[in-house]
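Here's the letter readout for the chains.
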Amino acid sequence: MLLALLVAAIVVQIWIATGRTPAGDERSGTMEPLVTGDTVPVVTGYRELGVPVTIPLLNDEATRVTVIYSFHPDCAHSRSWGPEWARHFDQVQASDSGVRRIALTLDGPSSGQDFAKHLGWEVEFLSVIGLSPQRRVYSLVARTPWVFVFDSDGVLRFDGHGSELKQVDAVVSRLLSG
């Protein structure tokens, strides 16, 4: 009996060492990125450290489209596109009925908000500090600056580089008119 337990323990150790883990959302390594057509029901993060906030991307009656702008204060590209995003936020603010816009960062809430405030962004903010690369929604912050457009069912309809603001506007318009 003891020998059988030892053999079983050795088999489990070999299984773990070779990286074979069960299928599911928490597999080892980085998850497959989100692709157009994938659904994200909620995004959970922080506006201030220690106070979690959950933002629904589906079944929110006031929101028909959600646009997520992924940035990081230490990213040179986020810094270079930051002023353009500020102009974009100013331009779309008047026509944003039914559109939720969220600036999302993997950085901490205070430094992320300081960055957005310094650039004059008038947009909702959320930090997902500590988000594990093993979670599928990690792909929302894996590349910066990056933009994601979700419909009212939380379905990803567009993602692209943060410079593709004209395409973002076109997708948002199409979703609002449809």
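Conventions and cut-offs
- Residues numbered from 1 in each chain as written.
- Predicted model: local features only at pLDDT ≥ 70, side-chain atom pairs only at ≥ 80, totals over all residues.
- Heavy atoms only, no water.
- Phe/Tyr/Trp six-rings, centres within 6.5 Å; stacked < 30°, edge-to-face > 60°.
- Helix = DSSP H or I, 4+ residues; strand = E, 2+ residues; numbered from the N terminus.
- Buried < 20%, exposed > 50% of the residue type's maximum accessible area, 1.4 Å probe, protein only.
- Salt bridge = Lys/Arg side-chain N within 4 Å of Asp/Glu carboxyl O.

**A look at the packing of aromatic side chains**
- If you walk through the whole model with that rule in mind, you get nine aromatic pairs.
- Aromatic pair F71 and F125: ring centres 6.4 Å apart, planes at 55°, arrangement tilted. On the criterion of sequence distance, the pair formed by F71 in strand β3 (residues 65-71) and F125 in strand β5 (residues 124-127) is long-range, its members being 54 residues apart. Here F71 matches F125 in class, with each residue buried.
- Ring centres 5.4 Å apart and planes at 40° place the aromatic pair W85 and W121 in the tilted group. Taken together, the residues span a long stretch of sequence, with W85 in helix α2 (residues 76-92) and W121 in the loop between α3 (109-119) and β5 at a distance of 36 residues.

**Here's the deal with the pattern of salt bridges**
- Per the stated rule, a full pass over the model turns up seven salt bridges.
- Each member of the salt-bridge network shares a partner with another, and the members are R47, D60, R100 and E124.

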